[in-house]
Number of protein chains: 2
Amino acid sequence: MLSKTHTKYIQSLQHKKLRDETGLFIAEGPKVVMDLLNSRKFVCKEIFALNNWLQEHSQQLSLLKDIVVTPVEDFELQKISSLSTAHAVVAVFEKRKPVYTIETALKITLVLDTIQDPGNLGTIIRIADWFGVENIICSIGCADMYNAKVVQSTMGSLGRVNVIYTDIIAWLKENRKVKIYSASLEGEDMKCIGKVKEGILIIGNEANGVSDEVMELVNEKINIPRIGEAESLNAAVATGIILSHIK
Amino acid sequence: MLSKTHTKYIQSLQHKKLRDETGLFIAEGPKVVMDLLNSRKFVCKEIFALNNWLQEHSQQLSLLKDIVVTPVEDFELQKISSLSTAHAVVAVFEKRKPVYTIETALKITLVLDTIQDPGNLGTIIRIADWFGVENIICSIGCADMYNAKVVQSTMGSLGRVNVIYTDIIAWLKENRKVKIYSASLEGEDMKCIGKVKEGILIIGNEANGVSDEVMELVNEKINIPRIGEAESLNAAVATGIILSHIK
């Protein structure tokens, strides 16, 4: 049985301010929760789950230390869930300091310039994980990686990709030793770019693209050839298409 | 000034049942509304907009016949909007019978097998428009193309792509004269497929992929090579990546 205080405390973690203050965030659903637990990169503090989910995972849960596990009813889960339909489990994890591996393995690094839609950010983290991109550098104006919708749409990739928030202009200036690419409607056809072993790929804001200040630091613009009439592609889709051609 | 009855009627169009009964749907925001108006494929019945938007578009609006235009205040727009932040204009359009151009221009046709997430469906329609795919065949289990979130995420492409709901198994059986491809984790590397001039590409459900019955009709499975560890890619992202390689 969940107390009112408890319910409110979990609901409060849907707000960035409270996540920042407590250093905690919420993950939901069997796949995302198990992936984060298995990644061993995030410390899990509390689990709220339906009885059948708890029984199914009793062995794994018994190996984890210092977790408070609370069995809940369906209607209680729905109350603390941010999804339209709650899925079996809601867990509270500790945020973590990203392990900054840029120097040792630059390879291809994604830089996100004000990606504001949480669904897009989560999908881009999942794409990075698929294509083996280890680091994502986010501008301060990007959506919060611990937003419930971001966590959800990463589908568990959050534990396998480093997401770092910083002043991307300063960061790009420091890392100019490798070539800086950006997705752009006026760039060169990506099919002419060839494979890229080391480089930085900048993805711009959903509505405004890469900002002018950032664009000044770009060495090469990459364009996805358009055959039809849509004005643009979704930012996450563009990221996936470009990575699939240059990786 | 919006009456209560009017507000309720517009809100009711957020439900598929009411959209089916009335044959109407809602589009929101300057870009989507203008693209649908300019496409001349959808008849616009009513426009609710802020005064400055109406002034800006007074010339275009004066050319349109039989549209009821109602100036509204910000707070009224917010009430009838399905977005977290309403954008200047909400319009009521008539649904239309898709123009079935399959026979004359098969080229590449997308078939969606139970794409349930409205954001994914809208993004796929936008991707189809970018890559010049004229027809999308949706299984009956797909999200409704007139759902507000679908309309929103098409970013205006709804007027340029035919979306047809049908029994896809019967449809595929009728159209077997061209090769049928499907996105699949066990398929052949898409880089070995080469360009496809005529063909059908099936995209499966977000969680379960292409259903067994549909898979039996597939001639060739296409795989997006994975370098990292994510278990899968978002359905819309996978559609974009495969189309960018075979178109």
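Residues numbered from 1 in each chain as written. Chains lettered and ligands numbered in written order. Predicted model: local features only at pLDDT ≥ 70, side-chain atom pairs only at ≥ 80, totals over all residues.

A look at the overall build of chain A
When helices and strands are tallied, chain A shows 11 helices and 10 strands. Taking 247 residues into account, the globule formula puts the C-alpha radius of gyration at 18 Å, and chain A, at 20 Å, falls close to it. Seen through its principal axes, chain A has C-alpha atoms that stretch 60 × 40 × 30 Å. When burial is assessed residue by residue, chain A has 44% of its 247 residues classed as buried. In chain A, of all internal contacts separated by at least 6 residues, the share reaching a separation of at least 24 is 79%. (Helix = DSSP H or I, 4+ residues; strand = E, 2+ residues; numbered from the N terminus. Rg over C-alpha atoms; globule rule 2.2 N^0.38 Å. Buried ≥ 20, exposed ≤ 12 C-beta atoms within 10 Å, placed from the backbone. Contact = placed C-beta atoms within 7 Å.)

A word on the sheet that holds strand β5 (residues 108-112) of chain B
All names here are of chain B. Spatial ordering of the open sheet is given by β7-β6-β5-β9-β8-β10, a layout of six strands whose pairing is parallel. For this open sheet the edge positions go to β7 (162-165) and β10 (220-223), each flanked by a neighbour on one side alone. For this sheet, the mean inter-axis angle between neighbouring strands, taken without regard to orientation, is 35°. Sheet analysis places β5 next to strand β9 (residues 199-203), joined by five bridges and oriented parallel. (Pairing = 2+ DSSP bridges. Axes fitted to C-alpha atoms, helices over the stretch in contact; angles between N-to-C directions.)

Description of the domain arrangement of chain A
Residues and elements named next belong to chain A. Along its sequence, chain A is organised into domain 1 (4-94) and domain 2 (108-246). Distance from the C-alpha centre of domain 1 to the C-alpha centre of domain 2: 30 Å. The partner domain 2 presents 10 residues to the 15 residues of domain 1 that form the contact. Taken together, the elements giving at least two residues each to the side of domain 1 that touches domain 2 come down to α2 (16-22), β1 (24-28) and α3 (30-39). Considering every element that reaches the side of domain 1 that touches domain 2, the biggest residue donor is α3, with five residues. Split into classes, the residues belonging to the side of domain 1 that touches domain 2 amount to six nonpolar, three polar and six charged. (Domains from an automatic or database assignment. Nonpolar A, V, L, I, M, F, W, Y, C, P; charged D, E, K, R; others polar.)

Description of the environment of Lys95(B)
All names here are of chain B. Looking at the element boundaries, lysine 95 is found in the loop between β4 (89-94) and β5. With 16 C-beta atoms packed within 10 Å, lysine 95 lands in the partly exposed category. The spacing of lysine 95 and lysine 107 is 12 residues in sequence and 26 Å in space, taken between C-alpha atoms.

Digging into the sheet that holds β4(B)
Two strands in a sheet stick together by hydrogen bonds in their backbones, pointing the same way (parallel) or opposite ways (antiparallel). All names here are of chain B. If you trace the four strands from one edge of the open sheet to the other, you get β1-β4-β2-β3, paired in mixed fashion. Of all the strands in the sheet, just β1 (24-28) and β3 (68-71) have a single pairing partner and so form its edges. The sheet shows a mean angle of 15° between the axes of neighbouring strands, taken without regard to direction. Pairing between strand β2 (residues 44-49) and β3: four bridges, direction parallel. Bridge assignment links phenylalanine 48 to a residue of β3, and that residue is threonine 70. On the sheet, helix α3 (residues 30-39) packs against β1, β2 and β4 and is oriented at approximately 130° with respect to β1.

Points about the interface of chain B and chain A
Counting residues at the interface gives 24 residues for chain B, matched by 24 residues for chain A. Secondary-structure elements contributing two or more residues to the side of chain B that touches chain A are α7 (118-130) and α11 (235-246) of chain B. With six residues, the single largest contributor to the side of chain B that touches chain A is α7(B). Of the residues that constitute the side of chain B that touches chain A, the class distribution is 10 nonpolar, eight polar and six charged.

Things to note about the environment of Ile193(B)
All names here are of chain B. With respect to the helices and strands, the residue isoleucine 193 is situated in the loop between β8 (180-189) and β9. Using a count of 18 C-beta atoms within 10 Å as the deciding quantity, one classes isoleucine 193 as partly exposed. Sequence separation between isoleucine 193 and glutamate 220 is 27 residues; the distance between their C-alpha atoms is 9.2 Å. Discounting residues that sit within four places of it in the chain, isoleucine 193 has contacts with Glu188, Ile222 and Ile246.

Examining the relation of the copies chain B and chain A
For the match of chain B to chain A, the screw axis carries a shift of 0.0 Å, the RMSD comes to 0.0 Å, and the turn is 180°. One copy is carried onto the other by what is essentially a two-fold rotation axis. The overlap is high: 100% of the interface residues of chain B also sit at the interface in chain A, so the same surface is used on both sides. (Least-squares fit on C-alpha atoms with pLDDT ≥ 70 in both.)

So, α11(B)
Structural remark: α-helix, 3.6 residues per turn; residues separated by three or four positions point the same way. Helix length check: α11(B), at 12 residues, gives a terminal C-alpha distance of 17 Å against a target of 16 Å (1.5 Å per residue), a fit within 8%. Most of α11(B) is tucked away, with 11 of its 12 residues classed as buried. Where α11(B) is concerned, the buried positions are Ala235(B), Ala236(B), Val237(B), Ala238(B), Thr239(B), Gly240(B), Ile241(B), Ile242(B), Leu243(B), Ser244(B) and His245(B). Elements that come into contact with the buried residues of α11(B) comprise α7 (118-130) and α11 (235-246) of chain A together with α7, β8, β9 and β10 of chain B. (Expected span 1.5 Å × (residues − 1).)

Overview of unusual backbone geometry
Trans peptide bonds make up most of the peptide bonds, and negative phi angles are found at most residues other than glycine. All names here are of chain A. Non-glycine residue aspartate 66 carries a positive phi angle of around 55°. Positionally, aspartate 66 belongs in the loop between α5 (58-63) and β3 (68-71). At alanine 88, a residue that is not glycine, the phi angle is positive and equals roughly 60°.

A closer look at the pairing of β1(A)
Residue and element names in this part refer to chain A. The element β1 is extensively covered by neighbouring structure, given that five of its five residues are classed as buried. On β1, burial covers both faces: Leu24, Ile26 and Glu28 on one face and Phe25 and Ala27 on the other are all buried. Pairing of β1 with strand β4 (residues 89-94), which is carried by five bridges, proceeds in the antiparallel orientation. Looking at β4, one finds that isoleucine 26 is bridged to valine 92.

A closer look at the confidence of the model for chain A
With 97% of its residues at a pLDDT of at least 70, chain A reaches an overall mean of 92. As a predicted assembly, this complex carries a pTM of 0.93 together with an ipTM value of 0.92. (pLDDT = per-residue confidence, 0-100.)

A look at the packing of α7(B) against α11(B)
All names here are of chain B. Between α7 and α11, the shortest axis-to-axis distance is 8 Å and the interhelical angle comes to 15°. By the angle between their directions, the pair α7 and α11 is classed as roughly parallel. As for the relative orientation of α7 and α11, their crossing is right-handed in sense. Between α7, through Asn120, Thr123, Ile124 and Ile127, and α11, the contact on the second element is made entirely by Ala235, Ala236, Thr239, Gly240 and Leu243. By residue class, the composition of the contact of α7 with α11 is five nonpolar, four polar and no charged. (Parallel < 35°, antiparallel > 145°, perpendicular 65-115°, else oblique. Left-handed = near helix turned anticlockwise from the far one by under 90°.)

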